[in-house]
Amino acid sequence: MDALQLRRQLIEYTAELFSEGFLDEQFTQLQQLQDENNPDFVVEVVSLFFQDSERLLNELAKSLSQQEIDFKKMDAHVHQLKGSSSSVGAHRVQRSCISFRDFCNAKNVEGCLECLQKMKHEYSLVKDKLETFFDLEQQLSTTGGSPPPP
C-alpha cells in the first residue's frame, strides 16, 4: 500500500474512532502536544494509560471479590481510571467509569460487577482500536508518508 492510500485509511479510521465514541477531543489535544522533539509522545502516554488501566481493573476485580467490600477504595480506583481515560480521550471507558461510580456510591455490588464487565469490555475495545491506529501510523511513517494533522 502506498503512502497516500495509508494516509487516507488512517484519516478514515480516525474519523470512525471519533464517530463511534471511542475517542473524544482530548485525544486530538494529546496529538497536538506531540512534535519533532518528542515524536512518540502520544504512544508513550497511551502506553502508560494501558498499563495503569490494567492494574486498576485488576484492583477493582480483586476488591469486588472480597467478603467485605471497601467501596471507598473502589471509588478511588475507578476515579483514577476515569481520570486517566479522560486524559487520553478514551470516551467510552470514561463513561463506563461514571456509571461504576454511581453504583459504588449506592453500594450496589451487582451494579458494580456489571459495570466492571462493561469497563473491561470498553477498555479492551479502545486498546485494540488504538493499537490498530498506531500500527497504521507506523506503516505510514515507514512508507515516507506524513501523518494527517490532528
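Residues numbered from 1 in each chain as written. Predicted model: local features only at pLDDT ≥ 70, side-chain atom pairs only at ≥ 80, totals over all residues. Heavy atoms only, no water.

## Here we look at the nonpolar core
And step 1. Core analysis: the largest hydrophobic core is formed by 37 residues, its most contacted members being Val46, Met74, Phe100, Met119, Val126 and Leu130.
And step 2. Elements that contribute at least two residues to this core include exactly α1 (3-19), α2 (25-32), α3 (41-64), α4 (71-88), α5 (91-105) and α6 (109-142).
And step 3. The leading source of residues in this core is α6, at 11 residues.
And step 4. What Phe100 contacts, discounting residues up to four positions off in sequence, is Leu60, Leu64, Met74, Val78, Cys112, Cys115, Leu116 and Met119. (Core = buried A, V, L, I, M, F, W, Y, C linked by side-chain atoms within 4.5 Å. Buried < 20%, exposed > 50% of the residue type's maximum accessible area, 1.4 Å probe, protein only. Helix = DSSP H or I, 4+ residues; strand = E, 2+ residues; numbered from the N terminus. Contact = heavy atoms within 4.5 Å.)

## Topic: the packing of aromatic side chains
And step 1. Applying the stated criterion to the full structure yields five aromatic pairs.
And step 2. Each ring, one from Phe27 and one from Phe133, has its centre 5.5 Å from the other, and the planes form 80 degrees; the classification is edge-to-face. Of this pair, Phe27 sits in helix α2 while Phe133 is found in helix α6, placing the two residues 106 residues apart along the sequence.
And step 3. Classification of Phe133 as buried rests on a relative accessible area of 2%.
And step 4. Considering the side-chain rings of Phe49 and Phe50, the 6.0 Å spacing of their centres and the 45 degrees angle between planes classify their relative orientation as tilted.
And step 5. Aromatic ring contacts, followed pair by pair, group Phe27, Phe133 and Phe134 into a single cluster.
And step 6. Taking NZ or CZ as reference, Arg92 lies 3.9 Å from the ring centre of Phe22, over its face. (Phe/Tyr/Trp six-rings, centres within 6.5 Å; stacked < 30°, edge-to-face > 60°. Lys NZ or Arg CZ within 6 Å of the ring centre and 35° of its normal.)

Honestly, that's just the spatial picture; any functional story needs more than this.
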